[in-house]
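Read off the chains here:
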Amino acid sequence: TRFRQLIKRTNDIYLQKKSLLTIMVLLLSIGSQAADLNPPHPVSKETAEAFGRLYVQDNGGRMKPLNSINNEVVVKLVKHNSFRGLTADQMVLSMMLDPEFWQEVPVITVTHPQLRGILQLKEKKASFDNFFTLDGQYKIHQNVEDAYRKQPAYRDKFEQEVVKVDEQINVFYMARIGNFLKIFPHPTDAAQSWHTPTETLVGFSSQDSLFAKNILSMYLEAIAQNKPDNAAAYVDAITKYQTKYGSAITPSAFKRDVEIFYNKTNLFMSLSPYFMVLGLVLLILQLIRLVKPKWQFSIALKIGLGLVLFAFVLYTVGLGIRWYISGHAPWSNGYESMLYIGWCTLLAGLVFSKRSPISLAVTALFGGVILMVAHLSWMNPEITNLVPVLKSYWLTIHVAIIVASYGFFSLAALLSFLNLILTGAKTPINSKAFTLSVEELSAISEMAITIGLYLLTIGAFLGGIWANESWGRYWGWDPKETWSAVTIIIYAFILHMRFIPGLKGTTTFNFWSVIGFSSVIMTYLGVNYYLAGMHSYGKGDSLPIPTFVYYTVAVVAVVSIYAFYNDKKMQPLVEDNAVDSDK
């Protein structure tokens, strides 16, 4: 079969290559740690942790530890789950305890010069008070109204930042007054509604109402007076109240502790720079081997493989923990599917690493980039309940197969782009070595596309079965369905180009492999954010096309044009080398 021929070809190339030993210096990011905060009433970690272990109901109805809400608040404000020496639990508890102090702490990043001018800021950080005049007027009120009148896709950079900052201001205010603290289950309807102490408590007995209204203020007062025993007693009283009325729907203590552990480790965000640095180092070593065949770096590359494998195991464990916490497969929304694509991309790299070690380096680097993108502001990492249409075993089967194909297509596109770079970098000196590497990586790329195409096609058929169960039809030309079909056709064409005389050639194949990946991006992201359809449960707000997209297109165009030019120029030399090899 063609697949077996490709495997044989990679083996032959591996034997021909006398492939490169030096260890590159790891990239170190050196940042200055800001001084720790000293609020008027310090909150100990022990007190804050006990507070974070309370159960809370989020706006989507999911029951979880309060630590999860606190992490979501802090990440929204400062893009990390800690701030200047304080954990998320400490920071949120301190915000309620000392609101005047926190109103003056610069926690909100303002990057746009026009917005900084309105707020009269000299630095990029703003406090809550910076957004209000002395008489309490919201300085950007009119700007917010103007921005929200426009569709997200039509907002300029200033309006985008206004909306983002306005959301942070609202989150800060709601956290400060305790609006996220739905910690009191309704005495007769706990399965449907939990309440904050600031609400009008309808249906509560006078004793329960008095308890819910006053226990939090008593708890904060005990902390302010440095009476940790009293504070612990109040938390215990809230815990008993939750057990009395809400134990039927709260997670087990073990599951709560697992979720808190998941929040603290922040595993996926931590793995992003790890994979990027490790992948970059391995890629540089592989390129040095290519240029200097006498330098093999065997020990360093084996260590690198072990480190990637170790991180991949951690990655897998992290997905498993998220699956356990949420109760459903971790690929139900944009953030989770991005995590899963990163996992599949790394898996594809490991599958082909024995035959082509450079594929592992490329996928490790790209895996780190995927994790970084997953944690950008337009992705929501919050664990949420499933929407009704996704409450099906088909979520585990159909989505897993479809998204897994994206990982193999990613590997193919990355290797093909690297091939275009190598083709453009060919010289009379390195021509033979580079040509062998390009052929090897092209074979790996073709195998990856083959696997990806099988997965995508099978997943599309399974999606039709799920669609029939959910919507009563197998196919309806929904944008997601249509683009899946387009992607299948494009990659089927790419795999069969070798039979078309005018489209034969390694460089042509690599070029179309890179271009074809744009269809995957459109199927995965473009449809969700720019087209409305039956799959809108995975949809986000329509966004303007990011600037980096235009730069990416320009880079691909320049690299491709030069690759074709240099390939044509070097062709006589390649043919001479082939004749010499035959002799």
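Reading the values: the criteria
Residues numbered from 1 in each chain as written. Predicted model: local features only at pLDDT ≥ 70, side-chain atom pairs only at ≥ 80, totals over all residues. Heavy atoms only, no water. Core = buried A, V, L, I, M, F, W, Y, C linked by side-chain atoms within 4.5 Å. Buried < 20%, exposed > 50% of the residue type's maximum accessible area, 1.4 Å probe, protein only. Helix = DSSP H or I, 4+ residues; strand = E, 2+ residues; numbered from the N terminus. Contact = heavy atoms within 4.5 Å. Salt bridge = Lys/Arg side-chain N within 4 Å of Asp/Glu carboxyl O. pLDDT = per-residue confidence, 0-100. Polar contact = N/O pair within 3.5 Å; in protein donor to acceptor, adjacent residues only side chain to side chain. Axes fitted to C-alpha atoms, helices over the stretch in contact; angles between N-to-C directions. Parallel < 35°, antiparallel > 145°, perpendicular 65-115°, else oblique. Left-handed = near helix turned anticlockwise from the far one by under 90°. Nonpolar A, V, L, I, M, F, W, Y, C, P; charged D, E, K, R; others polar.

Asks: In this structure, what is going on with the nonpolar core? I would like to understand it.
Replies: Note on soluble globular proteins: their nonpolar side chains tend to be buried together. Grouped together as the largest cluster of nonpolar side chains are 85 residues, with contacts concentrated most on Phe-275 and Tyr-315. By residue number, the principal contributor to this core is helix H16 (residues 394–424), which donates 16 residues. Aside from chain neighbours lying at most four places away, what touches Tyr-315 is Phe-268, Leu-271, Phe-275, Leu-339, Gly-342, Trp-343, Leu-346 and Leu-371. Within the second largest apolar cluster, 60 residues are counted, among which are Phe-51, Trp-102, Phe-158 and Ile-238.

Asks: What am I meant to see in the pattern of salt bridges here?
Replies: If charged atoms from side chains of opposite charge come close, those side chains can pair. This model, assessed by the stated rule, comprises 15 salt bridges. For Asp-236, the salt bridge goes to Lys-240, with nearest N and O atoms at 3.4 Å. In this pair, Asp-236 and Lys-240 both sit in helix H10 (residues 228–246), 4 residues apart, roughly one turn of the helix. Residue class for Asp-236 comes out partly exposed when judged on its relative accessible area of 37%.

Asks: How do you make sense of the confidence of the model for the protein when you look at a structure like this?
Replies: Any region with low pLDDT has predicted coordinates that should not be read closely. Confidence in the prediction for the protein averages 86 pLDDT; 89% of positions are at 70 or higher. The low-confidence segment residues 18–33 (pLDDT under 50) makes 37 contacts with residues lying over four places distant or belonging to another chain.

Asks: Help me understand the side chain of Gln-57 in this model?
Replies: Structurally, the position occupied by Gln-57 is in strand S1 (residues 55–57). For Gln-57, a relative accessible area of 6% corresponds to the buried category. Within the structure, Gln-57 has its side chain in polar contact with the backbone nitrogen of Trp-194 (distance 3.0 Å). Sequence-distant contacts of Gln-57, that is, excluding residues within four places in its chain, are made with Arg-62, Met-63, Lys-182, Ala-191, Gln-192, Ser-193 and Trp-194.

Asks: Even after reading the chapter, I still don't get the packing of helix H13 (residues 298–326) against helix H14 (residues 334–352), so can you show me in this structure?
Replies: Two numbers describe how H13 lies on H14: the axes approach to 11 Å, and their chain directions differ by 150°. The angle between H13 and H14 falls in the class roughly antiparallel. Between H13 and H14 lies a crossing of left-handed hand. On H14, the residues that touch Leu-305, Val-308, Leu-309, Phe-312, Tyr-315, Thr-316, Leu-319 and Arg-322 of H13 are Tyr-335, Glu-336, Leu-339, Gly-342, Trp-343, Leu-346, Leu-347 and Leu-350. In the contact of H13 with H14, the residues fall into 12 nonpolar, 2 polar and 2 charged.

Asks: Can you help me understand the environment of Gln-103 in this one?
Replies: The residue Gln-103 is located in the loop between helix H5 (99–102) and strand S5 (108–109) in this model. Given the relative accessible area of 17%, Gln-103 is considered buried. Considering only alpha carbons, one finds Gln-103 and Phe-172, 69 residues apart in sequence, at a separation of 9.0 Å. Beyond its immediate sequence surroundings of up to four residues, Gln-103 is in contact with Ser-127, Phe-128, Asp-129, Phe-172 and Arg-176.

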